[in-house]
Amino acid sequence: MGGNGKHRWKISFYRSNSSSRLPPKELLCPISGSLMSDPVVVSSGQTFERLSVQVCRDFGFSPKLEDGSRPDFSTMISNLAIKSTIQNWCHHNNTEYPQAPDLVSVEKTVRTLVADDREDQGMRVSEIELLKGVAEKPPIMFTHAATELGRRVDHFYSSSSEDSVVIPSASPPTPLPFATRPSCYSSSSSSEIIAEHETLNPNSSSPGCEEEEQLMMKLRSSEVIEQEEAVILLRKLTKTKEELRVSLCTPRLLSAVQSLIVSRYSTVQQNALASLVNLSLEKPNKVKIVRSGFVPHLVDVLKGGSSESQEHAAGALFSLALEEDNKMAIGVLGALPPLMHALVRAESERTRHDSALALYHLTLVESNRVKLVKQSNAIPTLLALAKSPASASRVLLILCNLASCNEGRSAMLDANAVECVVGMLRRRNELESESTRENCVAALYALSHGSMRFRGLAREAKAVEVLGEIEKNGSERAREKAKRLLTVMRGREDEPNWDSVLESGAGVGLGPTRYRVGVGRNLYAANSTTF
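All of these numbers come straight from a predicted model, not from anything done at the bench.

Peer 1: If you had to explain the side chain of S306 to someone new, which residues and values would you point to?
Peer 2: Of note, S306 is situated in the loop between α14 (295-304) and α15 (307-321). A relative accessible area of 5% means that S306 is categorised as buried. Of the polar contacts made by the side chain of S306, one reaches the side chain of S309; its length is 3.0 Å.

Peer 1: So what's going on with the sheet that holds strand β3 (residues 76-78)? Which residues, and what values?
Peer 2: Through backbone hydrogen bonds, the strands of a sheet pair up, either in parallel or in antiparallel fashion. In space, the 3 strands of this open sheet follow the order β2-β1-β3, with antiparallel pairing throughout. Edge positions in the open sheet fall to β2 (47-49) and β3, since each of these has one partner strand only. Neighbour-to-neighbour, the strand axes of this sheet turn through a mean angle of 45 degrees, independent of strand direction. Direction of pairing for strand β1 (residues 39-42) relative to β2: antiparallel, over a ladder of 3 bridges. Within the sheet, the bridge partner assigned to V40 lies in β2 and is F48.

Peer 1: Outline unusual backbone geometry, supporting the account with residue identities and numerical values.
Peer 2: Phi at N94 takes a positive value of approximately 55 degrees, unusual for a residue other than glycine. Turning to its location among the elements, N94 is positioned in the loop between α3 (80-92) and α4 (103-120). The class for N94 is exposed, based on a relative accessible area of 67%. With phi around 60 degrees, K462 is a residue other than glycine that occupies positive phi space.

How each quantity is defined
- Residues numbered from 1 in each chain as written.
- Predicted model: local features only at pLDDT ≥ 70, side-chain atom pairs only at ≥ 80, totals over all residues.
- Heavy atoms only, no water.
- Helix = DSSP H or I, 4+ residues; strand = E, 2+ residues; numbered from the N terminus.
- Buried < 20%, exposed > 50% of the residue type's maximum accessible area, 1.4 Å probe, protein only.
- Polar contact = N/O pair within 3.5 Å; in protein donor to acceptor, adjacent residues only side chain to side chain.
- Pairing = 2+ DSSP bridges.
- Axes fitted to C-alpha atoms, helices over the stretch in contact; angles between N-to-C directions.

Encoded structure:
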């Protein structure tokens, strides 16, 4: 009896265990079909084994997935969530974590997929063999910068009316004198070229659906003229009919627009970018657009597109950076260096303006602050720009964010930021507005926290007399910060002595957001405000 019972127990255990050893489909690499050891998410949103993506890149190949789409392998980001899920699954099923796949076997699998894909397209066997040989060499990748035909002199849109943007702050808020919408976005007035194109079906009973169907026909056309007509019309629809922006922001329309952003034809590219800016104005669309893989293309345009294309790319990145869930992803996907370059070198004032505001919103996130500080010459460049009355107001916002992290404070003190900002306060008449003056004081206040060097540097810059004047005649917010700074510099008993605190190794609980610069009286509400 005992033996039979033991035998039945073994059979039952084997059956239940065999079913539990089948991993969920989402944990398998779509290319190799195996449990992933190093999962990465690519620009188009799917997750693959890292080595599978690398081999596909070497082959210049993008496999056709089950849903008929082809992934974009231009960028890879480690998918820690899936990796943790795989680890948990292995633990619960008493299975070893998968080892990294063998390069030879992955290459063999990809070669088979390449051959099958070409056979599906009706290619001859000899052509397949030629392609296999070519795949051994790295593919030549053409960027937009190498194929742009030229810039357009005339802009389709005039600048928009300015609204107030604000970030919540514990201290009394200060107006931010910048528009909340990208500069490249226009007001309701239409330009001549857009006025020539009327809506496809103004009497449509279901707004959004029929417009999308008819737009898709031309957006997917192989004829450049039809592509141009479609993106111009899409630009007009998303500008004049705000209610269509959310309904038109579908995966297939975004995919079509994405393919035209890399077009070799300037008019097609510029209108596709402008349409993207308009779509990005609606909060529900912002995360969709980033997850659809647009950021690498915007970065590429910002690096080498025409002047108007760069305006729209900077405007789109600014608009997308307003969404909290997008900030880290945009930084990871490499937008900070080209935005910094555009802030300094762009021909267009609109591009510089929107690049500055994009950097401001992106540096509200700690990881992006550290990335920007580590960028070569970023701090000295920003301090040099801050000395110019034309750019001081917007650059100070970025510097205030950077000063709220340890790396930023250290780099700014090394670059003589205290003397620079005190000098700006001394030249009061050159400052653009009272809010710029307030942000100068806020920058000094942020630099003073946790730094044993600040007091000496401030005294060398003769900040006491400047701050004393602000304490008497400045705005309420500036007076408050100036008073606290003077207390720190005079070393009063009711204020911590930062030098002794740091020397003793005591921890000071200063959170970076506590000293975030206030930037507006009418708080920007992402859920209710559009551009």
